[in-house]
Amino acid sequence: VRHHLRRTLDRLYADRLMLQLKDLISYFENSGLADNIRENDLLFPLIESVHVLSIRLVVGSILAVDLRLLGLASIHQSVSRVTQGILPLAWCAFVVAVASGSLLFISNATKYLGNGYFVAKIFLICAAGLNMAIFHGISAKDLPRCENEARLPLPARLAGGLSILLWVAVVACGRWIGFTMQAG
């Protein structure tokens, strides 16, 4: 009896959360800002251009770090030297990408949420963030003693390789969103 009651309460709580999320999405999608983005002939393409450029900066910056982790680029520089010069740019570009992507999202939120490539892109970005967090939490602890070596330990190389795969998949999904959105 307790198990059945708990499942029912969990379902009611989840349904209430989903309803609140739908209300929040609807609020933004029906806002004046979303209408302006959706209806203006210049605003959507301008925001999309900013989004694409910022994503290119994010991926390019991260790629430089990942190639260093793999021992394929900048092998005569320490990992910390490479990251110190590149990661601030990557984080700034990421903030711009999130802001511009959020503006694009609210212009047609329900359609984006119904697009499998959009959902995959969001999950892949989260996976890339998790990969980075795991790397910094576990593998990066060993880097100070070997960061000047051309060939880094296997966990660092795996994190770099996985990061490249994830970001390439993010870009691919991002490109396919535009080709698979339902018109109207």
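Residues numbered from 1 in each chain as written. Predicted model: local features only at pLDDT ≥ 70, side-chain atom pairs only at ≥ 80, totals over all residues. Heavy atoms only, no water.

## Thoughts on the nonpolar core
The condition is simple: Take the buried Ala, Val, Leu, Ile, Met, Phe, Trp, Tyr and Cys residues and link them wherever side-chain atoms come within 4.5 Å; each set so joined is a nonpolar core. Only protein chains enter the accessibility calculation, which uses a 1.4 Å probe. A residue is then buried if its area is under 20% of the maximum for its type, exposed if over 50%, and partly exposed in between. Throughout, a contact is declared for two residues whenever any of their heavy atoms are within 4.5 Å.
Counting residues in hydrophobic clusters, the biggest one holds 13 residues, and the most contacted among them are Val58, Ile62, Leu124 and Trp167. The residues contacting Leu124, other than those within four sequence positions of it, are Leu166, Ala169, Val170 and Cys173. Core analysis: the next-biggest nonpolar cluster, separate from the first, contains twelve residues, Val65, Leu143, Leu152 and Ala159 among them.

## Description of the side chain of Asn131
This is how it is decided: The helix and strand labels rest on DSSP assignments: H or I over at least four residues marks a helix, E over at least two residues marks a strand, and numbering proceeds from the N terminus.
Checked against the element boundaries, Asn131 lands in helix H6 (residues 116-137). Every residue in contact with Asn131, bar those within four places of it in the chain, is listed here: Ala159, Leu162, Ser163 and Leu166.

## Overview of the packing of H6 against helix H8 (residues 154-180)
Our working rule: To define axes, lines are fitted to C-alpha atoms, for helices over the stretch in contact only, and angles between the resulting N-to-C directions are given on a 0 to 180 degree scale. The cut-offs work like this: below 35 degrees is roughly parallel, past 145 is roughly antiparallel, 65 to 115 is roughly perpendicular, and the gaps in between are oblique. Take the far helix as the reference: if the near one is turned anticlockwise from it by less than a right angle, the crossing is left-handed, and if turned clockwise, right-handed. Gly falls in the polar group here, along with every residue not listed as nonpolar (Ala, Val, Leu, Ile, Met, Phe, Trp, Tyr, Cys, Pro) or charged (Asp, Glu, Lys, Arg).
Contact geometry for H6 and H8: axes closest at 8 Å, N-to-C directions at 165 degrees. Between H6 and H8, the angle falls in the class roughly antiparallel. Where H6 crosses over H8, the two elements pack in a sense that is left-handed. For the contact of H6 with H8, the residue count by class is 18 nonpolar, four polar and one charged.

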